[in-house]
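Overview (structure and organization)
The primary structure of each chain is shown beneath.
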Amino acid sequence: MAEPPSNSPRRPLPDGIVPEEVVARTEGRWVMIMATMLVVMMAVIVVTGVAGALHPASNVEVIQPQTLHLGGEFVESNLGTAIEPDGSATVRLIAIQYDFVPHCALVPANTPVKFRLTSADVVHGFLLPDTNVNTMVVPGFVAEVRTSFAEPGDYVMPCHEFCGDGHHGMWARVSVVAKDEFPKLGTVERTSCAKL
Ligand code: CUA
């Protein structure tokens, strides 16, 4: 018969070693604390998301970043602001190191505006301060954000994802004009304010 191993848990513990039951009880408490923290953090995310009407990118639309310029929705001639049959505006932009194309988007006030963006190279960010517009622009995907602007004015549109050496200089502009002024502009002027 082999002797029981000398490190059997049954032998008396040396001084300073915490008994197994105490360790299990303490670990159990820590698990409960961690689980509570996770539940609280999830609740904070859900409550702030609902209360602040934050909407994460909801549409998983894929696109080939290498061929944006060759055809489809993001060809150069289709960029900028378009007015839909229902009167809402759709603004299509491309983010590319280190600018947005077009550099200035013109939209009417008090009108639903849908921004559709994609990247031609790396991950960029699209943010309009003091609005609900804030999204990442990931190559291979179309980002879509909906908003509307109550007042005419200019919004600076910085890229807020680090995208390379020129990131700090990557920004563009959204210019909001009065709803009744917008239709008076010519077709080309309405598309973009990049040259104004
Ligand atoms: Cu684009 Cu930072």
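Here the structure is shown first, and the text comes after it.
About the criteria used
- Position numbers for residues count from 1 along each chain, tracking the sequence in the order it is written.
- Under the rules for a predicted model, residues below a pLDDT of 70 receive no local features and side-chain atom pairs below 80 are neither given nor counted, while totals for whole chains, interfaces and linings still include all residues.
- Each side-chain value is worked out from all heavy atoms of the structure, with water and hydrogens disregarded.
- Any two strands between which DSSP finds at least two bridges are classified as paired.
- Elements are defined by DSSP. Helices are runs of H or I of four residues or more, strands are runs of E of two residues or more, and each kind is numbered from the N terminus.
- Angular values range over 0 to 180 degrees, each being the angle between N-to-C directions of two axes fitted as lines to C-alpha atoms, with helices fitted over their stretch in contact.
- Exposure classes here rest on a 1.4 Å probe applied to the protein chains alone. A residue is buried below 20% of its type maximum, exposed above 50%, and partly exposed in between.
- Distance and chemistry together define a polar contact, namely a pair of N or O atoms within 3.5 Å, with one atom able to donate a hydrogen and the other to accept it when in protein, and with adjacent residues in sequence counting only for side-chain atoms on both sides.
- Residues count as neighbours in contact if any of their non-hydrogen atoms are within 4.5 Å of one another.
- Two distance rules govern patches: like charges are joined within 9 Å, and nonpolar side chains (Val, Leu, Ile, Met, Phe, Trp, Tyr) within 5 Å, applied only to residues with over 30% relative accessible area and no salt bridge.
- Accessible surface area values rest on a Shrake-Rupley calculation with a 1.4 Å probe, where residue burial reflects the displayed protein chains alone.
- A side-chain nitrogen of Lys or Arg and a carboxyl oxygen of Asp or Glu constitute a salt bridge if their distance falls within 4 Å.
- Put simply, a nonpolar core is a bunch of buried Ala, Val, Leu, Ile, Met, Phe, Trp, Tyr and Cys residues held in one set by side-chain atoms that sit within 4.5 Å of each other.
- A pair of cysteine sulfur atoms is labelled a disulfide when the two atoms are within 2.5 Å.

**Some points on the sheet that holds strand 10 (residues 153–158)**
Across the sheet, which stays open at both edges, the three strands sit in the order 5-11-10 with mixed pairing between neighbours. Taken across any chain shown, the strands that pair with only one partner, and hence form the sheet edges, are strand 5 (104–108) and strand 10. Averaged over all adjacent pairs, the angle separating strand axes in this sheet is 20°, with direction ignored.

**Thoughts on the side chain of Ser192**
The residue Ser192 is located in the segment after helix 2 (187–191) in this model. The buried category is assigned to Ser192, whose relative accessible area is 17%. Polar side-chain contacts of Ser192 include one of 3.1 Å to the backbone oxygen of Cys104. In this view, Ser192 contacts Pro102 and Cys104; residues no more than four positions away in its chain are not counted.

**Observations regarding a nonpolar patch on the surface**
Taken together, the side chains of Trp30, Ile33, Met34, Met37, Leu38 and Met41 make up a nonpolar region of the molecular surface, amounting to roughly 630 Å² of accessible area. Of note, Met37 is situated in helix 1 (residues 20–51). Judged by its relative accessible area of 41%, Met37 is partly exposed.

**Description of the nonpolar core**
Among the nonpolar cores identified, the biggest contains 24 residues, and Phe100, Phe115, Phe126, Leu128, Phe149, Met157 and Val174 are the most heavily contacted of them. Elements with a minimum of two residues in this core: strand 3 (89–96), strand 5, strand 6 (113–119) and strand 11 (171–177). Residue contributions to this core peak at four residues, all from strand 3. In contact with Phe115, other than residues within four places in its own chain, are Val91, Leu93, Phe126, Leu128, Ala143, Glu144, Val145, Thr147, Phe149 and Val174.

**Quick word on the environment of Ala194**
For Ala194, the position within the fold is in the segment after helix 2. Judged by its relative accessible area of 35%, Ala194 falls in the partly exposed class. Considering only alpha carbons, one finds Ala194 and Val174, 20 residues apart in sequence, at a separation of 9.6 Å.

**What about the state of the cysteines?**
One pass over the full model with this rule turns up one disulfide. Sulfur-sulfur distance for the disulfide between Cys104 and Cys193 comes to 1.9 Å. For the disulfide bridge between Cys104 and Cys193, the dihedral angle about the S-S bond is near -80°, and by the sign convention the bridge is left-handed. Of this pair, Cys104 sits in strand 5 while Cys193 sits in the segment after helix 2, placing them 89 residues apart in sequence. Like Cys104, the residue Cys193 is buried in the burial classification.

**Some points on the environment of Val62**
As for its placement among the helices and strands, Val62 is situated in strand 1 (residues 61–62). Spatially, the C-alpha atom of Val62 lies 36 Å from that of Met37, the residues being 25 residues apart in sequence. Each residue touching Val62, except ones within four places of it in the same chain, is listed here: Gly140 and Phe141.

**Brief notes about the side chain of Thr111**
With respect to the secondary-structure elements, Thr111 resides in the loop between strand 5 and strand 6. A polar atom in the side chain of Thr111 sits 2.8 Å from the backbone oxygen of Ala109. If near-sequence neighbours (up to four positions away) are discounted, Thr111 is found in contact with Gly87, Ser88, Ala89, Thr147, Ser148, Phe149 and Lys179.

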